[in-house]
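# Coordinate analysis (summary)
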Amino acid sequence: MKKELYKNIKIVSACLFIILFFAGQNFAQNKTGTTIGQFLKIEPSSRVVGLGNAGASLSGEISNIFYNPASLGRLQGTDVQFTFNKWLADITYNYMAAGFIVDGVGSFALVGTLLNSGEIDVRTVEKPLGTGERYTVNDLALGLGYGLMLTDRVSVGIQINYINETIWHSSLSTFGLNFGVQYQVEPNGLTIGASVSNFGTRSAYEGRDLYLNYDFDPNKYGDNDKIPAELKTDYFNLPTLFRAGVSYWFDFDDDYKLLVAVDAVHPNDNDQYLNLGGELNLLKIISIRAGYRNLFIPDAEGGLVLGGGVQTNFNESNNIRFDYAYADYGRLTDTHRITLSVGFK
């Protein structure tokens, strides 16, 4: 028993060292508001959003991979999820994820994220009410994940993402990496987890919106005053986040359980903060959730989150789940997420 415990502790310690090492590479050089790919920070899971986004130590559904890829190692069967999120300013956000197990190899996941701003009026200094043209912002992330159980208590996972952002006729593309570890201290009890999200290369926008005609010397006549030129944009990092969290199931009896989860989050483009929340599960059918996100961020807009879910089983081991989450964003109003999930064992 002690040998197994020491083995688990060594594995978790080694994983945490790797996570902290790579996290430190990005955190040492960034400032608030200087990262690209902000859509990568929008949380997809209605269940975890209802828990205050405290998902570093959670598992059981495929979208937990967003918070910690190590949750993929604890996947119990095939799981498919679709999330629709009516985001701020009429922006639409859709998330799709599917996970499956390959016996003797591990668990795999396919993930897709789409964000669309809708049409936006083009405005200039000369025409502040609009030029008559319209543009859109489109963001895309496609991910492939892998997770496995190193021991009966320790799981690890990794996810690589292709990321693309397009604003009118300009765009950028890059790759990001998510990785993490989870340690189940007690079966159906205490679990701890840590992860790094969006660790990747710097990238910059390019495209024909940056082309222009340049006059090298406006005071000189007779020369070429329309030299083809291109504006160069700066390179910026992805919004890297380090998460560390704990969760605990209070098992009152077979029909009533309470989950409490807390995450500490350290982003490279904002202040550190806490996420916390709880979930009351009734009769293994109904879940009621509440939490608070971005605790201790100065001047944060909102923070309260509420949610609930319903699960129904069919053919004994299969299930359909419906989850909803409300999130308050203060003066930016609120957001509503709906997630539909299907699980097969």
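None of these values were measured; they are calculated from a predicted model. (Residues numbered from 1 in each chain as written. Predicted model: local features only at pLDDT ≥ 70, side-chain atom pairs only at ≥ 80, totals over all residues. Heavy atoms only, no water.)

## Points about the overall build of the chain
Put simply, the rule reads: Each helix corresponds to a stretch of at least 4 residues labelled H or I by DSSP, and each strand to a stretch of at least 2 residues labelled E; elements are numbered beginning at the N terminus. Based on C-alpha atoms, the radius of gyration is set beside the globule rule, defined as 2.2 Å times the residue count to the power 0.38. Partly exposed describes any residue whose relative accessible area lies between the buried limit of under 20% and the exposed limit of over 50%, with all areas from a 1.4 Å probe on protein chains only and scaled to the type maximum. Should any heavy atoms of two residues lie within 4.5 Å, those residues are counted as being in contact. For accessible areas, the Shrake-Rupley method is used with a probe of radius 1.4 Å. Any residue's cover is judged against the shown protein chains and nothing else. In summary, the charge assignment counts Lys and Arg as positive and Asp and Glu as negative, without counting His or the chain termini. The location of each charge is read from NZ of Lys, CZ of Arg, CG of Asp or CD of Glu.
Broken down by element type, the chain carries two helices and 19 strands. Computed over C-alpha atoms, the radius of gyration of the chain comes to 23 Å, within 12% of the 20 Å expected from 2.2 N^0.38 for 345 residues, which places it in the range of a compact globule. With 345 residues in all, the chain has 44% of them scored as buried. A separation of at least 24 residues holds for 55% of the contacts in the chain among residues at least 6 apart in sequence. A total accessible area of about 17,900 Å² is found for the chain, and carbon and sulfur atoms account for 60% of it. Each charge class in the chain was averaged separately, 27 positive and 36 negative side chains, and the resulting centres sit 5 Å apart.

## Focus on the confidence of the model for the chain
Selection rule: pLDDT gives the predictor's per-residue confidence on a scale running from 0 to 100.
This prediction gives the chain a mean pLDDT of 89; 90% of its residues lie at or above 70. Segment residues 25–30: pLDDT under 50, and 17 contacts once partners within four positions in sequence are set aside and those in other chains are kept.

## Let's talk about the pattern of salt bridges
Spelled out, the test is: Any Lys or Arg side-chain nitrogen found within 4 Å of a carboxyl oxygen on Asp or Glu counts as a salt bridge.
Tallying each qualifying case throughout the model produces ten salt bridges. The partner of Arg-47 in a salt bridge is Glu-279, and the shortest N-O contact between them spans 3.0 Å. Placement of Arg-47 in helix α2 (residues 46–50) and of Glu-279 in strand β15 (residues 273–282) is noted, with a sequence separation of 232 residues between them. In this structure, Arg-47 and Glu-279 share a single accessibility class: buried. Where Asp-121 meets Arg-123, a salt bridge forms, and the shortest distance between an N and an O atom there is 3.7 Å. Arg-123 gets classed as exposed once you look at its relative accessible area, which sits at 51%. Within this structure, Arg-47, Glu-279, Arg-289 and Asp-323 form a network of salt bridges that share partners.

## Observations concerning the nonpolar core
Where we set the bar: To form a nonpolar core, buried Ala, Val, Leu, Ile, Met, Phe, Trp, Tyr and Cys residues must be joined to one another through side-chain atoms within 4.5 Å.
By size, the foremost hydrophobic cluster in this structure holds 34 residues, and its most contacted members are Phe-39 and Tyr-95. Listed by contribution, the elements that provide at least two residues to this core are α2, β2 (92–102), β3 (106–116), β14 (256–267) and β18 (318–328). Within the second largest apolar cluster, five residues are counted, among which are Ala-194, Val-196, Phe-199 and Phe-242.

## Some remarks on the environment of Lys-86
Checked against the element boundaries, Lys-86 lands in strand β1 (residues 78–86). We classify Lys-86 as partly exposed; its relative accessible area is 35%. Each C-alpha atom, one on Lys-86 and one on Phe-199, is 27 Å from the other, the two residues being 113 residues apart in sequence. Beyond its immediate stretch of four places on either side in the chain, Lys-86 contacts Ile-91, Thr-92, Thr-335 and His-336.

## Looking at the layout of surface pockets
Going by this rule: Site definitions follow a grid-based scheme: protein atoms alone, a 1 Å grid, a 1.4 Å probe that fits but cannot get out for cavities, and for pockets an open set with protein on both sides within 12 Å along at least five of seven lines, plus lining residues having an atom within 4 Å of a point. Grid points are joined across faces, edges and corners, and a volume is the space filled by probe spheres set on the points. Each residue is assigned to one of three groups, with Ala, Val, Leu, Ile, Met, Phe, Trp, Tyr, Cys and Pro labelled nonpolar, Asp, Glu, Lys and Arg labelled charged, and all others, Gly among them, labelled polar.
Each pocket or cavity is described by its volume, and for the largest pocket that value is around 1,400 Å³. Every residue lining the largest pocket is counted, 44 residues in all, and those nearest its centre are Arg-47, Ser-59, Gly-60, Trp-249 and Gln-311. Elements that contribute at least two residues to the lining of the largest pocket include exactly β1, β13 (241–253), β14, β15, β16 (286–295), β17 (304–314), β18 and β19 (334–344). In terms of residue class, the lining of the largest pocket is made up of ten nonpolar, 21 polar and 13 charged. By volume, the second largest pocket amounts to about 880 Å³. Among the elements of the structure, β6 (137–149), β7 (154–167), β13 and β16 are those that each provide at least two residues to the lining of the second largest pocket. Residue composition of the lining of the second largest pocket, by class: 18 nonpolar, nine polar and nine charged.

## What to know about the environment of Pro-44
Within the secondary structure layout, Pro-44 lies in the loop between α1 (2–27) and α2. Once the C-alpha coordinates of Pro-44 and Asn-85 are considered, the two residues, 41 residues apart in sequence, prove to be 7.8 Å apart. Excluding anything up to four places from it in sequence, Pro-44 contacts Phe-66, Tyr-67, Thr-83, Tyr-93, Tyr-95, Arg-337 and Thr-339.

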